[in-house]
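Coordinate analysis (summary)
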Amino acid sequence: RVLVAVLVCFVAFAFSQDNTCLLGLSAPEPYPDMDACCWYESNSCCDSETVDQIVEQQAYMYGNITDSGRNANQTALECMTYIENLLCFLCDPVVYVTVDNGITMTMCKDFCDSFYSACSKLPAFGAEFALVGITDGTQLCEELEQIDPSGAKSATPHMDLMSIRKVEGEVPSLNIVVTDQDCFEGASVDVVGESECTPWVW
């Protein structure tokens, strides 16, 4: 069963004003031979622990979306490239996240629209989107933290980035802003799709 629990709870507890990275390293640096998110090898915010946990999460998502690779068709893989991008935003050397009375992430409208277009073609995703009233990319990105694999809205998603880094204490509120500039747009579908660090290449 495809799980439509596509992340995004961010761990503010590890982020300080002295850091230029959200998690992992305090500042981006080269990371050769990354096992995940390798399009950031030349300049990455991820440390080895973060990469190892992203590897685990992307394998889990890939297995659920493609039935352990048995349904790894072009539509499923295109959708998966956007999920990969979201998992890998932690490694992006440019942080589009602010922490002030909660967490705000700025995402690009074009990315959100393409994400919706790619994943809504999968029957299970399309059904879940319809169930929670998501009809376009802006709504999808704004509701990421609300999507639950059961189809119900929940403040505690089954699959989110909180599982990348376990923390103690209250989970801060998350606000996703969709805009056209100064925003997270991820790597291109072609770059992610042809990378050697994705589950469909292993």
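So, here's what we can say about the structure. Quick caveat, the model's predicted, so the values are computed rather than measured.

Cut-offs applied
Residues numbered from 1 in each chain as written. Predicted model: local features only at pLDDT ≥ 70, side-chain atom pairs only at ≥ 80, totals over all residues. Heavy atoms only, no water. Buried < 20%, exposed > 50% of the residue type's maximum accessible area, 1.4 Å probe, protein only. Helix = DSSP H or I, 4+ residues; strand = E, 2+ residues; numbered from the N terminus. Pairing = 2+ DSSP bridges. Axes fitted to C-alpha atoms, helices over the stretch in contact; angles between N-to-C directions. Core = buried A, V, L, I, M, F, W, Y, C linked by side-chain atoms within 4.5 Å. Contact = heavy atoms within 4.5 Å.

By the criterion of burial, strand 2 (residues 103-108) is predominantly enclosed, with 5 of the 6 residues buried. Linking two consecutive strands that pair antiparallel, namely strand 1 (residues 97-99) and strand 2, is a turn of 3 residues; a positive phi of about 55° is found at asparagine 101 within it. Inspection of the sheet shows strand 2 paired to strand 3 (residues 174-179) by 6 bridges, in the parallel sense. From the neighbouring strand, threonine 104 faces strand 3, where its bridge partner is asparagine 175.

Let us look at the sheet that holds strand 2. The strands making up a sheet are joined through hydrogen bonds of the backbone, oriented either antiparallel or parallel. Ordered by their spatial adjacency, 3 strands build an open sheet running 1-2-3, and the pairing between neighbours is mixed. Edge positions in the sheet fall to strand 1 and strand 3, since each of these pairs with one other strand and no more. On average, each strand axis in the sheet is inclined to that of its neighbour by 20°, with strand direction left out of account. Judged from the 3 bridges that link them, strand 1 and strand 2 form a sheet pairing that is antiparallel.

With 54 residues, the main nonpolar core has Met34, Ile54, Ile83, Met107 and Phe115 as its most contacted residues. Sorting the residues of this core by element identifies helix 1 (48-66), helix 2 (74-88), strand 2, helix 3 (109-119), helix 4 (123-131), helix 5 (137-142) and strand 3 as the ones contributing at least two each. The biggest single contributor to this core is helix 2, with 9 residues. Excluding residues within four positions of it along the chain, methionine 107 makes contact with Leu86, Cys112, Cys141, Leu144, Ile176, Val177, Val178, Thr179, Cys183 and Phe184.

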